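Here are the chains, one letter per residue:
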Amino acid sequence: SSIAQQPRLIYQKSKCAKSEKIEDALLLECPLGELLPSPSDYKASLIVLTVQNWLLRLSADSGEVLEKVYLAGSCCKFFRYLSWDTPQEVMIVKSAQNKLPAAARQAGIQQTVLFYLAVFQVLPLSFIGMLEINKKIFGNSVTDVAVSNGILIVMYSMGLVRLYNFKAILEQFMEQQFHLGQEFNWNGQVGIVGKYPFGLPCNIKITDTPPLLFEASSLENAFQIGGYPWHYIITPNKKKHKGVFHICSLKDNTLAKNGVQDMKCCSLEPDWIYFHPDMSGRIIHVGPNLIKVLKLKEVKNHADQMEIAEDFTIVANRENCVNNSVTVTASGRVVKKRFTLLDDDPEQETFKIVDYEDELDLLSTVAVTQIGADGRAHLDFHCNEHGILLKSIPLKESWDVTYSHEVYFDKDLVLHIEQKPNRRFSCYVYQMVCDTARDDD
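Residues numbered from 1 in each chain as written. Predicted model: local features only at pLDDT ≥ 70, side-chain atom pairs only at ≥ 80, totals over all residues. Heavy atoms only, no water.

**Things to note about the pattern of salt bridges**
Any two side chains of opposite charge can pair if their charged atoms end up close together. This model, assessed by the stated rule, comprises 13 salt bridges. For Arg-162, the salt bridge is made with Glu-215, and the minimal N-O distance between the two is 2.9 Å. Of this pair, Arg-162 sits in strand E11 (residues 160–165) while Glu-215 sits in strand E14 (residues 212–217); the two residues are 53 residues apart in sequence, bridging distant segments of the chain. Take Glu-215: its relative accessible area is 36%, and that puts it in the partly exposed class. Between Lys-292 and Glu-310 there is a salt bridge whose closest N-O contact spans 3.7 Å. Pair noted here: Lys-292 is in strand E21 (residues 290–299) and Glu-310 is in strand E22 (residues 302–315), with a separation of 18 residues, a long-range link. (Salt bridge = Lys/Arg side-chain N within 4 Å of Asp/Glu carboxyl O. Helix = DSSP H or I, 4+ residues; strand = E, 2+ residues; numbered from the N terminus. Buried < 20%, exposed > 50% of the residue type's maximum accessible area, 1.4 Å probe, protein only.)

**Concerning the UniProt feature "transmembrane region" (unreviewed entry) in the chain**
Residues annotated in UniProt with the feature "transmembrane region" (unreviewed entry) correspond here to residues 113–133 and 145–164. Span residues 145–164 is 0% helix and 75% strand, its end C-alpha atoms 11 Å apart. (UniProt positions renumbered as here; feature names shortened; annotations may be inferred.)

**Points about empty space enclosed by the protein**
Applying the stated criterion across every chain, the model contains one cavity of 30 Å³ or more. The space that makes up the largest cavity amounts to roughly 30 Å³. The set of elements that each furnish at least two residues to the lining of the largest cavity consists of strand E25 (350–357), strand E26 (362–371) and strand E29 (404–410). The leading source of residues in the lining of the largest cavity is E26, at three residues. Classifying every residue of the lining of the largest cavity by side-chain character gives five nonpolar, two polar and one charged. (1 Å grid on protein atoms, 1.4 Å probe; cavity = no way out; pocket = protein on both sides within 12 Å on 5 of 7 lines; lining within 4 Å. Points joined across faces, edges and corners; volume = space filled by probe spheres on them. Nonpolar A, V, L, I, M, F, W, Y, C, P; charged D, E, K, R; others polar.)

**Observations regarding the packing of aromatic side chains**
Tallying each qualifying case throughout the model produces 10 aromatic pairs. Geometrically, the ring pair formed by Trp-54 and Tyr-196 is stacked, given 6.5 Å between the ring centres and 20° between the ring planes. Residue Trp-54 is located in strand E3 (residues 54–59), and its partner Tyr-196 is located in the loop between strand E13 (189–192) and E14; the two are separated by 142 residues in the primary sequence. Look at Tyr-196 and you get exposed, because its relative accessible area is 57%. Between Phe-138 and Tyr-164, the aromatic rings sit 5.4 Å apart at their centres with planes inclined by 80°, giving edge-to-face as the arrangement. With Phe-138 in helix H2 (residues 135–138) and Tyr-164 in strand E11, this residue pair connects regions lying 26 residues apart in the sequence. This pair shows no difference in class: Phe-138 is buried, exactly as Tyr-164 is. (Phe/Tyr/Trp six-rings, centres within 6.5 Å; stacked < 30°, edge-to-face > 60°.)

As C-alpha coordinates, then:
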(Lines give C-alpha, C1' and ligand atoms only; values in the text may rest on other atoms or scores of the structure.)
Protein backbone atom coordinates (compact mmCIF):
# COMPACT_ATOMS: atom_id res chain seq x y z
CA SER A 1 0.00 0.00 0.00
CA SER A 2 1.40 3.40 -0.97
CA ILE A 3 -0.97 5.46 1.22
CA ALA A 4 1.20 5.33 4.34
CA GLN A 5 4.81 6.49 4.40
CA GLN A 6 5.96 2.90 4.86
CA PRO A 7 4.58 -0.04 2.83
CA ARG A 8 2.05 -2.21 4.67
CA LEU A 9 2.49 -5.97 4.34
CA ILE A 10 -0.80 -7.50 3.19
CA TYR A 11 0.24 -11.14 3.58
CA GLN A 12 3.30 -13.36 3.35
CA LYS A 13 3.32 -17.00 2.33
CA SER A 14 5.45 -19.28 4.43
CA LYS A 15 8.66 -20.67 2.97
CA CYS A 16 7.92 -23.75 0.92
CA ALA A 17 9.90 -26.82 -0.07
CA LYS A 18 11.55 -27.08 -3.50
CA SER A 19 8.84 -29.56 -4.49
CA GLU A 20 6.25 -26.76 -4.06
CA LYS A 21 8.19 -24.15 -6.03
CA ILE A 22 6.08 -21.96 -8.32
CA GLU A 23 7.12 -22.26 -11.97
CA ASP A 24 4.76 -19.74 -13.56
CA ALA A 25 1.76 -17.55 -12.69
CA LEU A 26 -1.06 -15.53 -14.26
CA LEU A 27 -3.19 -12.80 -12.68
CA LEU A 28 -6.90 -13.56 -12.98
CA GLU A 29 -9.46 -10.77 -12.71
CA CYS A 30 -13.24 -10.98 -12.60
CA PRO A 31 -15.09 -10.22 -15.87
CA LEU A 32 -17.62 -7.39 -15.67
CA GLY A 33 -21.32 -8.09 -15.74
CA GLU A 34 -21.19 -11.87 -15.30
CA LEU A 35 -22.70 -14.05 -12.58
CA LEU A 36 -20.10 -16.34 -11.01
CA PRO A 37 -20.66 -19.40 -8.81
CA SER A 38 -18.53 -18.36 -5.84
CA PRO A 39 -18.13 -15.01 -4.00
CA SER A 40 -14.34 -15.50 -4.13
CA ASP A 41 -14.54 -15.42 -7.94
CA TYR A 42 -15.30 -11.71 -7.88
CA LYS A 43 -11.93 -10.84 -6.35
CA ALA A 44 -8.53 -10.92 -8.08
CA SER A 45 -6.71 -14.22 -7.84
CA LEU A 46 -3.46 -15.73 -8.97
CA ILE A 47 -3.25 -18.91 -11.04
CA VAL A 48 0.06 -20.61 -10.22
CA LEU A 49 1.78 -23.71 -11.56
CA THR A 50 4.02 -25.66 -9.19
CA VAL A 51 7.01 -27.84 -9.96
CA GLN A 52 4.99 -30.92 -8.95
CA ASN A 53 2.33 -30.19 -11.61
CA TRP A 54 -0.32 -28.69 -9.34
CA LEU A 55 -2.40 -25.85 -10.76
CA LEU A 56 -3.52 -23.62 -7.86
CA ARG A 57 -5.83 -20.61 -7.73
CA LEU A 58 -4.77 -18.32 -4.88
CA SER A 59 -6.53 -15.30 -3.46
CA ALA A 60 -4.55 -12.19 -4.41
CA ASP A 61 -5.59 -10.59 -1.10
CA SER A 62 -4.70 -13.36 1.34
CA GLY A 63 -2.79 -16.11 -0.51
CA GLU A 64 -5.48 -18.63 0.45
CA VAL A 65 -5.77 -21.64 -1.89
CA LEU A 66 -9.20 -21.36 -3.52
CA GLU A 67 -8.91 -24.23 -6.02
CA LYS A 68 -6.36 -26.91 -6.85
CA VAL A 69 -6.06 -29.19 -9.87
CA TYR A 70 -3.55 -31.98 -10.40
CA LEU A 71 -2.36 -31.92 -14.01
CA ALA A 72 0.02 -34.81 -14.64
CA GLY A 73 -1.49 -38.21 -15.21
CA SER A 74 0.33 -41.08 -16.86
CA CYS A 75 1.14 -39.07 -19.99
CA CYS A 76 3.23 -36.13 -18.78
CA LYS A 77 5.22 -35.15 -15.71
CA PHE A 78 6.64 -31.74 -16.55
CA PHE A 79 4.13 -28.89 -16.97
CA ARG A 80 6.03 -25.61 -16.78
CA TYR A 81 4.34 -22.70 -18.61
CA LEU A 82 1.10 -20.72 -18.34
CA SER A 83 -0.26 -18.41 -21.04
CA TRP A 84 -3.52 -16.92 -22.30
CA ASP A 85 -5.22 -18.07 -25.46
CA THR A 86 -7.99 -15.52 -24.92
CA PRO A 87 -6.97 -13.12 -22.08
CA GLN A 88 -8.98 -13.72 -18.88
CA GLU A 89 -11.07 -16.39 -20.63
CA VAL A 90 -9.09 -19.36 -21.97
CA MET A 91 -5.76 -20.46 -20.44
CA ILE A 92 -3.08 -22.82 -21.81
CA VAL A 93 -0.81 -24.92 -19.59
CA LYS A 94 2.20 -26.16 -21.57
CA SER A 95 4.68 -28.88 -20.70
CA ALA A 96 8.42 -28.68 -21.07
CA GLN A 97 9.71 -30.44 -24.17
CA ASN A 98 9.65 -34.19 -23.64
CA LYS A 99 13.08 -35.80 -23.77
CA LEU A 100 13.90 -39.45 -23.31
CA PRO A 101 16.58 -40.50 -20.81
CA ALA A 102 20.01 -41.11 -22.34
CA ALA A 103 19.72 -44.86 -21.80
CA ALA A 104 16.44 -44.98 -23.71
CA ARG A 105 17.91 -43.00 -26.60
CA GLN A 106 20.93 -45.31 -26.75
CA ALA A 107 18.55 -48.26 -26.89
CA GLY A 108 17.02 -46.79 -30.03
CA ILE A 109 13.67 -45.80 -28.51
CA GLN A 110 12.06 -42.94 -30.42
CA GLN A 111 10.34 -40.01 -28.68
CA THR A 112 7.44 -38.82 -30.83
CA VAL A 113 5.45 -36.65 -28.38
CA LEU A 114 7.19 -33.29 -27.95
CA PHE A 115 4.73 -31.20 -25.90
CA TYR A 116 1.44 -31.49 -24.04
CA LEU A 117 -1.08 -28.65 -23.88
CA ALA A 118 -3.87 -28.53 -21.29
CA VAL A 119 -6.69 -26.06 -22.04
CA PHE A 120 -8.87 -24.45 -19.35
CA GLN A 121 -11.78 -22.05 -19.26
CA VAL A 122 -11.41 -19.70 -16.28
CA LEU A 123 -13.94 -18.25 -13.82
CA PRO A 124 -15.32 -20.71 -13.15
CA LEU A 125 -12.24 -22.88 -13.72
CA SER A 126 -13.19 -25.73 -16.05
CA PHE A 127 -11.20 -28.29 -18.05
CA ILE A 128 -11.63 -28.19 -21.85
CA GLY A 129 -9.10 -30.81 -22.90
CA MET A 130 -5.52 -31.97 -23.24
CA LEU A 131 -3.66 -32.68 -26.48
CA GLU A 132 -0.20 -33.71 -27.56
CA ILE A 133 2.09 -32.19 -30.19
CA ASN A 134 3.47 -35.20 -32.03
CA LYS A 135 6.34 -35.43 -34.52
CA LYS A 136 4.31 -37.83 -36.64
CA ILE A 137 1.70 -35.13 -37.21
CA PHE A 138 3.66 -31.85 -37.24
CA GLY A 139 7.13 -33.00 -38.36
CA ASN A 140 10.50 -33.88 -36.84
CA SER A 141 11.96 -30.36 -36.65
CA VAL A 142 9.40 -28.79 -34.28
CA THR A 143 11.16 -26.70 -31.62
CA ASP A 144 8.29 -24.96 -29.81
CA VAL A 145 4.53 -24.31 -29.83
CA ALA A 146 2.26 -21.55 -28.60
CA VAL A 147 -1.45 -20.75 -28.63
CA SER A 148 -2.86 -17.25 -29.03
CA ASN A 149 -6.32 -15.95 -29.95
CA GLY A 150 -7.55 -19.29 -31.24
CA ILE A 151 -4.41 -19.96 -33.31
CA LEU A 152 -1.93 -22.81 -32.76
CA ILE A 153 1.56 -21.55 -33.62
CA VAL A 154 4.15 -24.23 -34.40
CA MET A 155 7.82 -23.23 -34.73
CA TYR A 156 10.54 -25.20 -36.52
CA SER A 157 14.31 -25.32 -36.30
CA MET A 158 14.82 -23.85 -39.78
CA GLY A 159 12.93 -20.66 -38.86
CA LEU A 160 9.61 -21.83 -40.30
CA VAL A 161 6.40 -20.79 -38.51
CA ARG A 162 3.07 -22.53 -39.22
CA LEU A 163 -0.40 -21.48 -38.03
CA TYR A 164 -3.39 -23.76 -37.44
CA ASN A 165 -6.96 -23.14 -36.27
CA PHE A 166 -6.79 -24.23 -32.63
CA LYS A 167 -10.53 -24.08 -32.01
CA ALA A 168 -11.15 -26.30 -35.03
CA ILE A 169 -8.57 -28.79 -33.72
CA LEU A 170 -10.34 -28.99 -30.35
CA GLU A 171 -13.69 -29.59 -32.02
CA GLN A 172 -12.48 -32.07 -34.64
CA PHE A 173 -10.26 -34.30 -32.51
CA MET A 174 -12.06 -34.24 -29.13
CA GLU A 175 -12.71 -37.89 -28.19
CA GLN A 176 -14.69 -37.30 -25.00
CA GLN A 177 -15.41 -34.34 -22.74
CA PHE A 178 -14.49 -34.43 -19.05
CA HIS A 179 -15.27 -32.14 -16.12
CA LEU A 180 -13.13 -31.43 -13.06
CA GLY A 181 -14.10 -33.72 -10.20
CA GLN A 182 -15.76 -36.21 -12.54
CA GLU A 183 -15.10 -39.92 -12.03
CA PHE A 184 -13.94 -41.58 -15.23
CA ASN A 185 -13.06 -44.99 -16.62
CA TRP A 186 -11.50 -44.37 -20.00
CA ASN A 187 -8.79 -46.11 -22.03
CA GLY A 188 -7.98 -48.34 -19.09
CA GLN A 189 -7.65 -45.39 -16.69
CA VAL A 190 -9.84 -45.05 -13.63
CA GLY A 191 -9.83 -41.94 -11.45
CA ILE A 192 -11.19 -38.47 -10.77
CA VAL A 193 -10.44 -35.65 -13.21
CA GLY A 194 -7.98 -33.15 -11.70
CA LYS A 195 -7.31 -35.22 -8.57
CA TYR A 196 -4.08 -36.88 -7.50
CA PRO A 197 -2.68 -39.25 -8.74
CA PHE A 198 -4.67 -39.43 -11.98
CA GLY A 199 -4.58 -35.85 -13.14
CA LEU A 200 -6.09 -34.99 -16.51
CA PRO A 201 -6.88 -37.35 -19.39
CA CYS A 202 -5.36 -36.70 -22.81
CA ASN A 203 -8.76 -36.58 -24.51
CA ILE A 204 -7.84 -34.75 -27.73
CA LYS A 205 -6.02 -37.06 -30.18
CA ILE A 206 -4.80 -35.40 -33.37
CA THR A 207 -4.81 -38.26 -35.88
CA ASP A 208 -4.17 -36.27 -39.05
CA THR A 209 -2.42 -33.04 -39.99
CA PRO A 210 -4.88 -30.15 -39.47
CA PRO A 211 -5.52 -27.74 -42.37
CA LEU A 212 -2.71 -25.20 -42.60
CA LEU A 213 -3.85 -21.59 -42.26
CA PHE A 214 -0.54 -19.87 -42.98
CA GLU A 215 3.21 -20.35 -42.96
CA ALA A 216 6.21 -18.02 -43.11
CA SER A 217 9.97 -18.29 -42.69
CA SER A 218 11.58 -15.83 -40.26
CA LEU A 219 14.89 -15.41 -38.45
CA GLU A 220 14.70 -16.95 -34.96
CA ASN A 221 11.00 -17.73 -35.54
CA ALA A 222 10.13 -14.06 -34.91
CA PHE A 223 6.58 -13.57 -36.18
CA GLN A 224 3.80 -11.12 -35.30
CA ILE A 225 0.28 -10.52 -36.62
CA GLY A 226 -1.73 -7.31 -36.30
CA GLY A 227 -2.87 -4.18 -38.07
CA TYR A 228 -5.96 -3.55 -40.17
CA PRO A 229 -6.31 -5.10 -42.65
CA TRP A 230 -4.28 -7.99 -41.18
CA HIS A 231 -0.52 -7.81 -41.68
CA TYR A 232 2.45 -9.69 -40.24
CA ILE A 233 6.02 -8.72 -39.35
CA ILE A 234 9.01 -11.00 -39.96
CA THR A 235 12.77 -10.74 -40.32
CA PRO A 236 14.09 -12.53 -43.44
CA ASN A 237 15.63 -15.83 -42.42
CA LYS A 238 19.29 -14.86 -42.87
CA LYS A 239 21.67 -13.58 -40.19
CA LYS A 240 22.71 -10.64 -42.38
CA HIS A 241 19.12 -9.38 -42.16
CA LYS A 242 19.07 -9.20 -38.35
CA GLY A 243 17.47 -5.88 -37.41
CA VAL A 244 15.56 -5.65 -40.71
CA PHE A 245 11.78 -6.05 -40.51
CA HIS A 246 9.38 -6.82 -43.36
CA ILE A 247 5.70 -5.88 -43.00
CA CYS A 248 3.53 -7.99 -45.32
CA SER A 249 -0.15 -8.57 -46.01
CA LEU A 250 -1.52 -11.71 -44.38
CA LYS A 251 -4.01 -12.08 -47.24
CA ASP A 252 -1.55 -12.55 -50.10
CA ASN A 253 1.98 -12.22 -48.56
CA THR A 254 2.69 -9.05 -50.54
CA LEU A 255 5.18 -6.61 -49.01
CA ALA A 256 3.54 -3.32 -48.08
CA LYS A 257 4.87 -0.19 -49.75
CA ASN A 258 7.70 1.11 -47.53
CA GLY A 259 7.27 -2.20 -45.70
CA VAL A 260 11.00 -2.77 -45.13
CA GLN A 261 11.87 -1.08 -41.82
CA ASP A 262 15.57 -0.77 -40.99
CA MET A 263 16.92 1.80 -38.55
CA LYS A 264 20.50 0.97 -39.55
CA CYS A 265 21.57 1.49 -35.94
CA CYS A 266 24.95 0.30 -34.71
CA SER A 267 24.32 -0.86 -31.16
CA LEU A 268 24.89 -3.65 -28.67
CA GLU A 269 21.17 -4.01 -28.02
CA PRO A 270 19.01 -4.58 -31.13
CA ASP A 271 16.04 -2.41 -32.00
CA TRP A 272 12.60 -3.97 -31.62
CA ILE A 273 9.23 -3.71 -33.32
CA TYR A 274 5.67 -4.74 -32.44
CA PHE A 275 2.03 -3.92 -33.17
CA HIS A 276 0.69 -1.19 -30.91
CA PRO A 277 -1.26 -2.73 -27.98
CA ASP A 278 -3.97 -0.03 -28.23
CA MET A 279 -5.63 -2.04 -31.05
CA SER A 280 -5.29 0.92 -33.42
CA GLY A 281 -3.45 -1.24 -35.96
CA ARG A 282 -0.34 0.94 -35.70
CA ILE A 283 3.22 -0.34 -35.28
CA ILE A 284 5.87 0.78 -32.76
CA HIS A 285 9.53 0.56 -33.84
CA VAL A 286 12.03 1.35 -31.07
CA GLY A 287 15.73 2.05 -31.56
CA PRO A 288 18.41 3.42 -29.21
CA ASN A 289 17.59 7.07 -29.88
CA LEU A 290 14.40 6.97 -31.96
CA ILE A 291 10.85 5.70 -31.51
CA LYS A 292 8.75 5.50 -34.66
CA VAL A 293 4.99 5.01 -34.51
CA LEU A 294 3.93 3.75 -37.94
CA LYS A 295 0.50 3.35 -39.49
CA LEU A 296 -0.99 1.36 -42.34
CA LYS A 297 -2.88 3.32 -44.98
CA GLU A 298 -4.15 2.71 -48.48
CA VAL A 299 -1.92 3.66 -51.39
CA LYS A 300 -3.48 6.52 -53.29
CA ASN A 301 -5.40 5.27 -56.33
CA HIS A 302 -4.67 1.65 -55.28
CA ALA A 303 -7.28 0.65 -52.72
CA ASP A 304 -6.05 -2.96 -52.63
CA GLN A 305 -2.46 -1.99 -51.69
CA MET A 306 -1.27 -0.73 -48.30
CA GLU A 307 1.72 1.40 -47.40
CA ILE A 308 3.61 2.10 -44.17
CA ALA A 309 3.72 5.74 -43.16
CA GLU A 310 5.10 7.50 -40.09
CA ASP A 311 2.41 8.66 -37.69
CA PHE A 312 4.89 10.41 -35.36
CA THR A 313 8.41 9.99 -33.97
CA ILE A 314 9.96 10.50 -30.54
CA VAL A 315 13.65 11.42 -30.52
CA ALA A 316 16.12 11.12 -27.63
CA ASN A 317 17.70 14.33 -26.37
CA ARG A 318 21.21 14.20 -27.82
CA GLU A 319 21.67 17.86 -28.72
CA ASN A 320 25.01 18.11 -26.91
CA CYS A 321 26.38 14.87 -28.28
CA VAL A 322 29.14 15.35 -30.86
CA ASN A 323 30.59 12.24 -32.44
CA ASN A 324 33.22 13.50 -34.86
CA SER A 325 35.73 10.96 -36.12
CA VAL A 326 38.31 13.78 -36.63
CA THR A 327 39.13 16.42 -33.99
CA VAL A 328 41.72 19.19 -33.85
CA THR A 329 43.66 19.90 -30.64
CA ALA A 330 44.48 23.40 -29.35
CA SER A 331 47.93 23.14 -30.92
CA GLY A 332 46.45 22.39 -34.33
CA ARG A 333 47.23 18.67 -34.34
CA VAL A 334 44.66 16.53 -36.16
CA VAL A 335 43.53 13.47 -34.16
CA LYS A 336 41.56 10.68 -35.80
CA LYS A 337 39.46 8.32 -33.70
CA ARG A 338 39.96 4.61 -34.30
CA PHE A 339 36.35 3.84 -33.42
CA THR A 340 32.96 5.51 -33.44
CA LEU A 341 30.48 5.56 -30.60
CA LEU A 342 27.69 3.02 -30.65
CA ASP A 343 24.15 4.37 -31.02
CA ASP A 344 23.38 2.99 -27.55
CA ASP A 345 26.59 4.19 -25.91
CA PRO A 346 25.78 4.58 -22.17
CA GLU A 347 26.95 8.21 -22.16
CA GLN A 348 24.23 9.12 -24.66
CA GLU A 349 20.54 9.28 -23.82
CA THR A 350 19.10 5.92 -24.87
CA PHE A 351 15.57 4.54 -24.85
CA LYS A 352 15.33 1.43 -22.66
CA ILE A 353 11.59 0.89 -22.11
CA VAL A 354 8.43 1.79 -24.03
CA ASP A 355 5.00 0.97 -22.59
CA TYR A 356 1.34 1.84 -23.09
CA GLU A 357 -1.19 2.66 -20.35
CA ASP A 358 -4.60 1.85 -21.76
CA GLU A 359 -6.78 3.49 -19.09
CA LEU A 360 -5.09 6.89 -19.49
CA ASP A 361 -4.23 6.35 -23.18
CA LEU A 362 -0.62 7.40 -22.63
CA LEU A 363 2.59 6.17 -24.23
CA SER A 364 5.40 6.06 -21.66
CA THR A 365 9.14 5.92 -22.35
CA VAL A 366 12.19 5.49 -20.13
CA ALA A 367 15.40 7.11 -21.36
CA VAL A 368 18.74 6.58 -19.58
CA THR A 369 22.08 8.39 -19.61
CA GLN A 370 25.07 7.00 -17.69
CA ILE A 371 28.02 9.28 -16.84
CA GLY A 372 30.75 7.46 -14.98
CA ALA A 373 29.23 5.20 -12.32
CA ASP A 374 26.07 7.28 -12.04
CA GLY A 375 23.16 6.58 -14.38
CA ARG A 376 20.17 8.90 -14.61
CA ALA A 377 16.79 8.01 -16.07
CA HIS A 378 13.56 9.88 -16.70
CA LEU A 379 10.05 8.65 -17.41
CA ASP A 380 8.19 10.58 -20.09
CA PHE A 381 4.46 10.52 -20.82
CA HIS A 382 3.41 11.17 -24.43
CA CYS A 383 0.02 11.66 -26.01
CA ASN A 384 -0.71 8.29 -27.58
CA GLU A 385 -2.50 9.83 -30.55
CA HIS A 386 0.02 12.47 -31.59
CA GLY A 387 3.20 11.71 -29.60
CA ILE A 388 3.29 15.13 -27.89
CA LEU A 389 5.35 15.15 -24.67
CA LEU A 390 2.97 15.82 -21.78
CA LYS A 391 5.16 15.32 -18.72
CA SER A 392 8.70 14.23 -17.84
CA ILE A 393 9.48 12.72 -14.44
CA PRO A 394 13.14 12.31 -13.40
CA LEU A 395 13.64 9.10 -11.43
CA LYS A 396 15.44 9.90 -8.18
CA GLU A 397 17.33 6.63 -7.89
CA SER A 398 20.50 5.89 -9.87
CA TRP A 399 20.10 3.60 -12.90
CA ASP A 400 22.97 1.17 -13.54
CA VAL A 401 22.68 -0.06 -17.14
CA THR A 402 24.46 -3.32 -16.24
CA TYR A 403 21.52 -4.36 -14.03
CA SER A 404 18.14 -5.68 -15.12
CA HIS A 405 15.33 -3.10 -14.87
CA GLU A 406 11.55 -3.14 -15.27
CA VAL A 407 9.22 -0.14 -15.09
CA TYR A 408 5.44 -0.54 -14.73
CA PHE A 409 3.00 2.33 -15.14
CA ASP A 410 -0.63 1.74 -14.14
CA LYS A 411 -3.18 4.52 -13.49
CA ASP A 412 -1.45 6.78 -10.92
CA LEU A 413 1.35 4.40 -9.85
CA VAL A 414 4.84 3.90 -11.28
CA LEU A 415 6.96 0.95 -10.15
CA HIS A 416 10.65 0.61 -10.92
CA ILE A 417 12.05 -2.84 -10.12
CA GLU A 418 15.82 -3.27 -10.23
CA GLN A 419 17.55 -6.65 -10.04
CA LYS A 420 21.10 -6.53 -8.72
CA PRO A 421 23.65 -9.37 -8.55
CA ASN A 422 22.92 -12.34 -6.27
CA ARG A 423 19.15 -11.92 -6.82
CA ARG A 424 18.88 -8.72 -4.79
CA PHE A 425 15.84 -6.65 -5.77
CA SER A 426 14.94 -3.02 -5.17
CA CYS A 427 11.45 -1.67 -5.83
CA TYR A 428 10.89 2.09 -6.15
CA VAL A 429 7.29 3.31 -5.98
CA TYR A 430 6.05 6.65 -7.32
CA GLN A 431 2.50 7.92 -7.01
CA MET A 432 1.20 10.77 -9.11
CA VAL A 433 -0.82 13.35 -7.19
CA CYS A 434 -2.74 16.40 -8.30
CA ASP A 435 -0.84 19.59 -7.60
CA THR A 436 -3.60 22.10 -6.90
CA ALA A 437 -1.07 24.94 -6.76
CA ARG A 438 -0.14 24.50 -10.41
CA ASP A 439 -2.93 24.11 -12.95
CA ASP A 440 -0.55 23.02 -15.69
CA ASP A 441 0.40 19.86 -13.74
